[in-house]
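# Coordinate inspection notes
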Amino acid sequence: MIAVSGRAPFAPLGLARRGAPFVAILLIGFVLFLTDAPRHWAYFAAAAAVAALALASGVLAPWERLPGIATVAVPLAIVLSIALLREGQGGSLSGYGALFLLPTLWVACYGDRVQLLIVLAAMLVAYWLPIVVIGAPYYPSSQWRGGGLLVLIVGLFGLTIQQLLFDLGAEEGLRADAERRLREASAYELHDDVVQNLTVAQLALAVGDGERAQSAVDNALKVGQGIVESLLSTQTLEPGSLVRRDTDHDPS
């Protein structure tokens, strides 16, 4: 399935701008670890190492040579990092569950639906597995309900975001196609203007009307100049910008 964003999530161009908000919030989570107890430094160190490795791979890995599904490894590693950070400060009582929104929102914005479902499944495991392995009081049975509902809600919003991005991409495609058709229509119209003016010039020369022939040739040159300027222009055309003006040529 093609990514709804239409681009590789870790493409170098714009990666810093795309990733900065997510990284900033993740760093805030690590800083907040220092402000409360209990603090199990082994889990903190493991979480920091996993997060650092994930972020570094997002920047340095040769993603263009890897299958698209491989990019889900980075958000999955962030899920693991958050789970370790959560365990290091009291489990479900730490308040770090909200950080699981980061990798899911990243995939919602820059991944595809398969990747989103994978990350949601990992998030569910991160919530439910500690209930089985560790249990109360750090992971009470209420987390079955809380984790399940959170995954459902995040999944709903993630799928909605992806659908909105898909619709936006489709609209952009339709607009680009409309602009291309408008350019083509204008090109044909300008071509007809050139032919019309040159025909007028030929007829004027045939009857000895040099002044009229010169005027028609001048108009043809102006239209030709307009064609060249249109081809060289790199600006996005606004609707109506290719409408022919009456002053472009002599209609007679």
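Anyway, here's the lowdown on the structure attached to this text. (Residues numbered from 1 in each chain as written. Predicted model: local features only at pLDDT ≥ 70, side-chain atom pairs only at ≥ 80, totals over all residues. Heavy atoms only, no water.)

## Concerning the packing of aromatic side chains
Two aromatic rings are characterised by how far apart their centres lie and by the angle between their planes. Condition: Only centres within 6.5 Å qualify two rings of Phe, Tyr or Trp (six-membered ring in Trp) as a pair; their planes then separate them into stacked at under 30 degrees, edge-to-face at over 60, and tilted for everything else. A run of H or I in DSSP counts as a helix once it spans at least four residues, and a run of E counts as a strand once it spans at least two, with each numbered from the N terminus. Summary of the burial criterion: residues with accessible area below 20% of their type's maximum are buried, those above 50% are exposed, and those between are partly exposed, where the area comes from a 1.4 Å probe applied to protein chains only.
Under the counting rule described, the total for this entry stands at 10 aromatic pairs. Ring geometry for F10 and W106: centres 5.5 Å apart, planes at 25 degrees, overall stacked. Residue F10 is found in the segment before α1 (15–33), and its partner W106 is found in helix α4 (residues 101–110); the two are separated by 96 residues along the sequence. The class for F10 is buried, based on a relative accessible area of 10%. Residues F100 and Y127 carry aromatic rings whose centres are separated by 5.4 Å and whose planes lie at 50 degrees to one another, so their mutual orientation is tilted. With F100 in the loop between α3 (73–88) and α4 and Y127 in helix α5 (residues 113–133), the pair connects residues that are 27 residues apart, well separated along the chain.

## Thoughts on the packing of α1 against helix α2 (residues 41–60)
Heads up, the condition is: Only the stretch in contact is used when a helix axis is fitted, and all axes are lines through C-alpha atoms; the angle between N-to-C directions ranges over 0 to 180 degrees. Working definition: roughly parallel below 35 degrees, roughly antiparallel above 145 degrees, roughly perpendicular at 65 to 115 degrees, and oblique for all remaining angles. By the convention used here, residues are in contact when the closest approach between their heavy atoms is within 4.5 Å. Under the convention adopted here, Pro, Cys and the residues Ala, Val, Leu, Ile, Met, Phe, Trp and Tyr are nonpolar, Asp, Glu, Lys and Arg are charged, and Gly plus all remaining residues are polar.
The N-to-C vectors of α1 and α2 enclose an angle of 175 degrees; their axes lie 12 Å apart at closest approach. Taken together, the axis directions place α1 and α2 in an arrangement best described as roughly antiparallel. Residues L15, V23, L26, F30 and F33 of α1 pack against W41, F44, A47, A48, A51, L55, G58 and V59 of α2. A per-class count over the contact of α1 with α2 returns 12 nonpolar, 1 polar and no charged.

## Focus on the pattern of salt bridges
So the rule is basically this: The term salt bridge refers to a side-chain nitrogen of Lys or Arg lying within 4 Å of a carboxyl oxygen of Asp or Glu.
All chains considered together, the criterion is met by 1 salt bridge. When the shortest N-O distance is used, the salt bridge between R65 and E64 registers 3.8 Å. With respect to class, R65 is no different from E64; both count as exposed.

## Some details on the nonpolar core
Heads up, the condition is: Definition used in this section: a nonpolar core is a set of buried Ala, Val, Leu, Ile, Met, Phe, Trp, Tyr and Cys residues joined via side-chain atoms within 4.5 Å.
Counting residues in each nonpolar core, the largest one holds 34 residues, and the members touching the most others are L26, F30, L85, F100 and W106. When contributions to this core are tallied by element, the ones reaching two or more residues are α1, α2, α3, α4, α5 and α6 (142–206). Take this core: its biggest share by element is 7 residues, from α5. Ignoring sequence-local partners within four residues, the contact set of F100 consists of V79, I82, A83, R86, M123, A126 and Y127.

## Brief notes about α2
Here is the rule we go by: A helix's residues, less one, multiplied by 1.5 Å, set its expected span. Throughout, the arc means the angular range of directions from the helix axis out to the C-beta atoms.
End to end, α2 covers 28 Å across 20 residues, agreeing with the expected 28 Å (1.5 Å per residue, within 8%). Among the residues of α2, F44, A47, A51, A54 and G58 are the ones counted as buried. The buried residues of α2 all sit within an arc of 100 degrees when viewed along its axis, so they share a single face. Residues of α2 that are exposed and point more than 90 degrees away from the buried face comprise A42, L53 and L60. Buried residues belonging to α2 abut α1 and α3.

## Some thoughts on the side chain of Q89
Looking at the element boundaries, Q89 is found in the loop between α3 and α4. Beyond its immediate chain neighbours, meaning those up to four positions away, Q89 contacts L32, F33, D36, A37, P38, R39, S94 and Y96.

## Let's talk about the side chain of T71
Rules: Pairs of N or O atoms are called polar contacts if they sit within 3.5 Å, as long as, within protein, a hydrogen donor faces a hydrogen acceptor (for residues adjacent in sequence, only side-chain-to-side-chain pairs).
Tracing the backbone shows T71 in the loop between α2 and α3. Of the polar contacts made by the side chain of T71, one reaches the side chain of Q115; its length is 3.0 Å. What T71 contacts, discounting residues up to four positions off in sequence, is P9, F10, W63 and Q115.

## Details of the environment of Y110
With respect to the secondary-structure elements, Y110 resides in helix α4. Assessed through its relative accessible area of 13%, Y110 is described here as buried. For the pair Y110 and P9, spaced 101 residues apart in the sequence, the C-alpha separation amounts to 5.2 Å.

## A closer look at a nonpolar patch on the surface
Quick note on the threshold: Distance thresholds for patches are 9 Å for like charges and 5 Å for nonpolar side chains (Val, Leu, Ile, Met, Phe, Trp, Tyr), applied to residues having over 30% relative accessible area and no salt bridge. Exposure was quantified through the Shrake-Rupley algorithm and a 1.4 Å probe, taking into account, for residues, occlusion by the shown protein chains and nothing else.
A contiguous nonpolar patch, built from V125, L129, V132, V133, I134, Y138 and W144 and spanning about 690 Å² of accessible area, is present on the exposed surface. Ranked by the residues each element gives to the nonpolar patch, the list is headed by α5, at 4 residues. Among the secondary structure elements, W144 is positioned in helix α6.

## Some details on α5
Every α-helical turn comprises 3.6 residues, leaving residues that sit three or four positions apart pointing alike. We apply this condition: To get the bend at a residue, fit one axis to the 7 residues ending there and another to the 7 starting there, then take the angle between the axes.
The terminal C-alpha atoms of α5 lie 30 Å apart, and with 21 residues this matches the ideal 30 Å at 1.5 Å per residue to within 8%. At Y127, α5 shows its largest bend, some 25 degrees, and a proline, P130, comes one to four positions later. Within α5 the residues assigned to the buried category are Q115, L116, V119, L120, A122, M123, A126, Y127, P130 and I131.

## Quick look at the packing of α2 against α3
Rules: A clockwise turn of the near helix away from the far one marks a right-handed crossing, whereas an anticlockwise turn of less than a right angle marks a left-handed crossing.
Running from N to C, α2 and α3 cross one another at 165 degrees; their axes reach a closest spacing of 8 Å. The angle between α2 and α3 falls in the class roughly antiparallel. Crossing of α2 against α3: the hand is left-handed. The residues of α3 that touch α2, namely those facing Y43, F44, A46, A47, V50, A51, A54, S57 and G58, are V74, A77, I78, L80, S81, L84, L85, E87 and G88. Classifying every residue of the contact of α2 with α3 by side-chain character gives 13 nonpolar, 4 polar and 1 charged.

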